[in-house]
Amino acid sequence: MSTPQEPVLLEDCGDYGLIRLNRPAQRNAMNSAARKGLLQCLERARSAHKVLVITGQDGSFCSGVDLKEVASATRRERELAPREWVEVLLAIRRHPAVFIAAIGGYALGGGVSLINVCDLAIAAHEAQIGMPELGFGMYPAMAGPSTQMMLPSKRAAWMVLTADRIDGRTAAQWGLVNESVPLPELEGAADALAKRIARHDAIALSESKRALEMIPKRITELEPAFDYAMALNVGIRTRTTAQTEGIAAFKDKA
């Protein structure tokens, strides 16, 4: 059972799971314990939830890797920290659940990469999203590539090169998040979206998530994309009766 002292909490919300980053005094920066805790939550949620919401605590989403821990670490530990964060990000992309980021405050550096690996994202108008790495003499090793793959080049360059923060409204206009809402409405908006998605079949959801990863990132030609999609549906039919039941229900309504 999770306790309030744990750096990452997994809450059962019935239709979906809620992963809450729980280091508010550090703006939910991800130290080694938090990275390991998040991986553990992902594993615990694997067979329990088909939709997962990731959010923060007390006005912050995630301020990235804990730089204070990095500053006091050994050289070996400093080298391992970014790789551990990459493992977390890839674990989210490879997880069968659909992930929704709910950004209620600061999302800096690695927090931006956490938004980018989630399938959907809702930000508060008041959110502050940015990459401060260049101010430390660094290229944002995770937030940079993941943002450059999502945004038009000039907008990605603005975020990397100015190190300026954008708010939730701008993030929605640019396409970094799906929508922006007032902070008091964020939790309700994420809850409603998670419940809406959770109505769908778990296997169809996970395979659709995989298709969104494959097309057009790996399959860039239209005909192979069509072939992949048709084969995907054949595979879904062998694993669940959702398609048959859905078509039958539609026929009964017609």
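Model, not experiment: these values are computed from the prediction.

Novice: Before we move on, can you summarise the layout of surface pockets with the specific residues and values?
Specialist: The volume enclosed by the largest pocket comes to roughly 1,000 Å³. Contributing to the lining of the largest pocket are 36 residues, with Arg-93, Asn-116, Val-117, Glu-213 and Lys-217 lying nearest its centre. Looking at the lining of the largest pocket, the elements with two or more residues in it are helix H3 (75-94), helix H4 (110-117), strand S7 (120-124), helix H5 (143-148) and helix H9 (202-214). Per-element accounting of the lining of the largest pocket gives the leading share, seven residues, to H9. For the lining of the largest pocket, the residue count by class is 20 nonpolar, seven polar and nine charged. Approximately 630 Å³ is the volume found for the second largest pocket. Lining the second largest pocket we find 27 residues, and of these Ser-63, Gly-64, Val-65, Asp-66 and Leu-67 sit closest to its centre. At four residues, H3 tops the list of elements feeding residues into the lining of the second largest pocket. A breakdown of the residues in the lining of the second largest pocket according to their chemical character gives 16 nonpolar, five polar and six charged.

Novice: Quick rundown of the pattern of salt bridges? Include the residues and the values.
Specialist: Scanning the entire structure with this criterion turns up 11 salt bridges. In this structure, Arg-35 engages Glu-84 in a salt bridge whose closest nitrogen and oxygen atoms are separated by 2.8 Å. Highlighted residues: Arg-35 in helix H1 (residues 32-45) and Glu-84 in helix H3, separated in sequence by 49 residues. For Arg-93, the salt bridge identified is with Glu-213, shortest N-O distance 2.8 Å. Of the two residues, Arg-93 is situated in helix H3 and Glu-213 in helix H9; the sequence distance between them amounts to 120 residues. When its relative accessible area of 18% is taken as the criterion, Arg-93 is described as buried. Among the ionic contacts, a cluster of salt bridges with common partners joins Arg-93, Asp-119, Lys-209, Glu-213 and Lys-217.

Novice: Go over the side chain of Asn-22 with me, naming the residues and quoting the values.
Specialist: One can find Asn-22 in the loop between strand S2 (17-21) and H1. We classify Asn-22 as buried; its relative accessible area is 11%. A distance of 2.8 Å separates the side chain of Asn-22 from the side chain of Gln-57, its partner in a polar contact.

Novice: Could you give an account of the packing of aromatic side chains, naming the residues involved and the relevant values?
Specialist: In total, this model carries zero aromatic pairs according to the counting rule given. The ring centre of Tyr-106 lies 3.9 Å from the NZ or CZ of Arg-27, which sits over that ring.

Novice: Describe in detail the pairing of strand S3 (residues 51-55), supporting the description with residues and values.
Specialist: Within S3, five of the five residues are buried, which leaves it mostly tucked inside the rest of the structure. Residue alternation in S3 divides its side chains into two sets, Val-51, Val-53 and Thr-55 and Leu-52 and Ile-54, and both sets are buried. In the sheet, S2 pairs with S3 via four bridges, with the strands oriented parallel. Across the sheet, Ile-19 pairs through a bridge with Ile-54, a residue of S3. With five bridges joining them, S3 and strand S5 (residues 98-103) adopt parallel strand pairing. Opposite Ile-54, over in S5, you have Ala-101 as the bridge partner.

Novice: I'd love a proper account of the environment of Ser-146, names of residues and values included.
Specialist: Relative to the assigned elements, Ser-146 resides in helix H5. The exposure class assigned to Ser-146 is buried, which follows from its relative accessible area of 15%. Put simply, Ser-146 and Ser-113 are 33 residues apart on the chain and 6.1 Å apart in space, counted from C-alpha to C-alpha. Not counting chain neighbours up to four residues away, the residues in contact with Ser-146 comprise Ser-113 and Asn-116.

Novice: Help me get a handle on the nonpolar core, residues and values and all.
Specialist: Counting residues in each nonpolar core, the largest one holds 47 residues, and the members touching the most others are Ile-19, Phe-61, Trp-85, Ile-103, Leu-114 and Ile-129. When near neighbours in sequence (up to four residues on either side) are disregarded, Ile-103 contacts Phe-61, Ile-115, Ala-121, Ile-122, Ala-123, Ala-124, Ala-127, Val-177 and Leu-186. With 18 residues, the next largest nonpolar core counts Tyr-16, Val-53, Ala-189 and Ala-190 among its residues.

Thresholds applied
- Residues numbered from 1 in each chain as written.
- Predicted model: local features only at pLDDT ≥ 70, side-chain atom pairs only at ≥ 80, totals over all residues.
- Heavy atoms only, no water.
- 1 Å grid on protein atoms, 1.4 Å probe; cavity = no way out; pocket = protein on both sides within 12 Å on 5 of 7 lines; lining within 4 Å.
- Points joined across faces, edges and corners; volume = space filled by probe spheres on them.
- Helix = DSSP H or I, 4+ residues; strand = E, 2+ residues; numbered from the N terminus.
- Nonpolar A, V, L, I, M, F, W, Y, C, P; charged D, E, K, R; others polar.
- Salt bridge = Lys/Arg side-chain N within 4 Å of Asp/Glu carboxyl O.
- Buried < 20%, exposed > 50% of the residue type's maximum accessible area, 1.4 Å probe, protein only.
- Polar contact = N/O pair within 3.5 Å; in protein donor to acceptor, adjacent residues only side chain to side chain.
- Phe/Tyr/Trp six-rings, centres within 6.5 Å; stacked < 30°, edge-to-face > 60°.
- Lys NZ or Arg CZ within 6 Å of the ring centre and 35° of its normal.
- Pairing = 2+ DSSP bridges.
- Contact = heavy atoms within 4.5 Å.
- Core = buried A, V, L, I, M, F, W, Y, C linked by side-chain atoms within 4.5 Å.

It is worth stressing that arrangement in space is one thing and function is another; only the former is reported here.
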